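# Results of the structural survey
The residues making up each chain are set out below.
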Amino acid sequence: MVTEKAAGEVEAQVPSGWRLVRFDTVDSTNEQARRLIAGGAEHGTVVVADVQTGGRGRHGRKWTSPRGNLHCSIIVHPHRPQREVPQLSLLTGVAVAEALASVAPHSVFRAKWPNDILCRGRKLCGILLENAEPSVIVGIGVDVASAPGGEVLYPTTSLAEEGCRAGVEEVLAAICQRMDRWLRRWEADGFEPIRSAWLERAGGIGEPVVVRTEDRDPLRGTLVGLDTDGALLIQEAVDGPPRRILAGDVHLVRSL
Ligand code: BTN
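The structure reproduced in this document is the subject of the present report. (Residues numbered from 1 in each chain as written. Predicted model: local features only at pLDDT ≥ 70, side-chain atom pairs only at ≥ 80, totals over all residues. Heavy atoms only, no water.)

### Some thoughts on the sheet that holds strand 11 (residues 219-226)
The cut-off we apply is this: Two strands are counted as paired when DSSP detects at least two bridges linking them. Each helix is a run of DSSP H or I of at least 4 residues and each strand a run of E of at least 2, with the numbering of both proceeding from the N terminus. Fitting a line to C-alpha atoms yields each axis, with helices limited to the stretch in contact; the angle taken between N-to-C directions then spans 0 to 180 degrees.
Sheet architecture is open: 5 strands sit in the order 13-12-11-10-14, paired in antiparallel fashion. Among the strands making up the open sheet, the edge pair consists of strand 13 (243-245) and strand 14 (249-252). Neighbour to neighbour, the strand axes of the sheet diverge by 45° on average, direction disregarded. When strand 10 (residues 208-212) meets strand 14, the two strands line up antiparallel, connected through 4 bridges. Bridging from a neighbouring strand, V210 pairs with H251 of strand 14.

Here is the structure:
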């Protein structure tokens, strides 16, 4: 997956037909990808930067982006109906979890809806999808060398802290390869294979959760699983059908 460059440097290899565009420093790779789309960039363009000065997370949060961690954005043209595009979020979670497992085989990575990846209950990857119709920008941040310090909303870790020596290039190559593979699978077979792969890696099924959405009070219940379209299913009371959640932040009451 990784080819030798001059003087022992390594450069990530991307799947055939994909293109890697590198920067030392950008505001946000998602923003840079948006600028490249305006200039005609196509499916499979991967923007990667060593440092982001304005890295962003979900719900307008800041994403701390020091040198040594992976900050990348992949431009995707989904070949699925528009209503299915939110499934790309879970697809990316599966692809990244598999990629991390391939570079750190002794660690266990768990998916938390919609697309966080945790190790020992600590977050080490965040995914931010942004619409740039007809493209989607898939922004991925992996704490490879260090986890953000200071005030964070949740416990964090990094691949290095988990004893994994893989570098940014190796992680990037593994992610691009899995993304390409899962995008083709989605195109050919729809969401079901992604749903079952996600459920295999999901943490907290059958356990208590609190879900925070923008438009209502926190919802407390038991995590049941995923609906056939990717909505999260939460059982609020013993009787009655589970509630479908399409957007929100999930907090697992017990850690993974
Ligand atoms: C989250 O968990 O809140 C999502 C974090 C997403 C961070 C990545 S880093 C690469 C890309 N560029 C950004 O500005 N954000 C995403």
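### Focus: empty space enclosed by the protein
Note the threshold: Put simply, the grid is 1 Å and covers the protein atoms alone, a cavity is a trapped set of points that fit a 1.4 Å probe, a pocket is an open set with protein on both sides within 12 Å along at least five of seven lines, and lining residues have an atom within 4 Å of a point. Grid points are joined across faces, edges and corners, and a volume is the space filled by probe spheres set on the points. In the scheme used here, Gly and all other residues not listed as nonpolar or charged are polar, with Ala, Val, Leu, Ile, Met, Phe, Trp, Tyr, Cys and Pro taken as nonpolar and Asp, Glu, Lys and Arg as charged.
Scanning all chains against the criterion turns up 1 cavity of 30 Å³ or more. By volume, the largest cavity amounts to about 40 Å³. Around the largest cavity, the lining residues are A111, K112, W113, W198, G203, L223, L232, V250 and L252. Of all the elements in the fold, those that place two or more residues in the lining of the largest cavity are strand 6 (109-112) and strand 14. The residue makeup of the lining of the largest cavity, split by class, is 7 nonpolar, 1 polar and 1 charged.

### Focus on the sheet that holds strand 8 (residues 122-132)
Overall, mixed pairing links the 7 strands, which are arranged 3-4-5-9-8-7-6 in an open sheet. For this open sheet the edge positions go to strand 3 (19-26) and strand 6, each flanked by a neighbour on one side alone. Averaged over neighbouring strand pairs, the angle between their axes works out to 20° when direction is ignored. Pairing geometry for strand 4 (residues 45-52) and strand 5 (residues 70-76), over 3 bridges, is antiparallel. Counterpart to V48 in the pairing with strand 5 is C72.

### Some remarks on the pairing of strand 4
Under the convention used in this document: The buried label applies to any residue whose accessible area, calculated with a 1.4 Å probe on protein chains only, is under 20% of its type's maximum; exposed applies above 50%, and partly exposed to all values in between. Place the viewer so that the strands point away; then a crossover is right-handed whenever the path from the first strand over the helix to the second strand goes clockwise.
Among the 8 residues in strand 4, 7 count as buried, and that is most of the element. Bridging between strand 3 and strand 4 involves 7 bridges; their strand directions are parallel. Within strand 4, the residue paired with R22 across the bridge is V48. After leaving strand 3, the chain enters helix 1 (residues 29-38) and then returns to the sheet as strand 4, a path that is right-handed.

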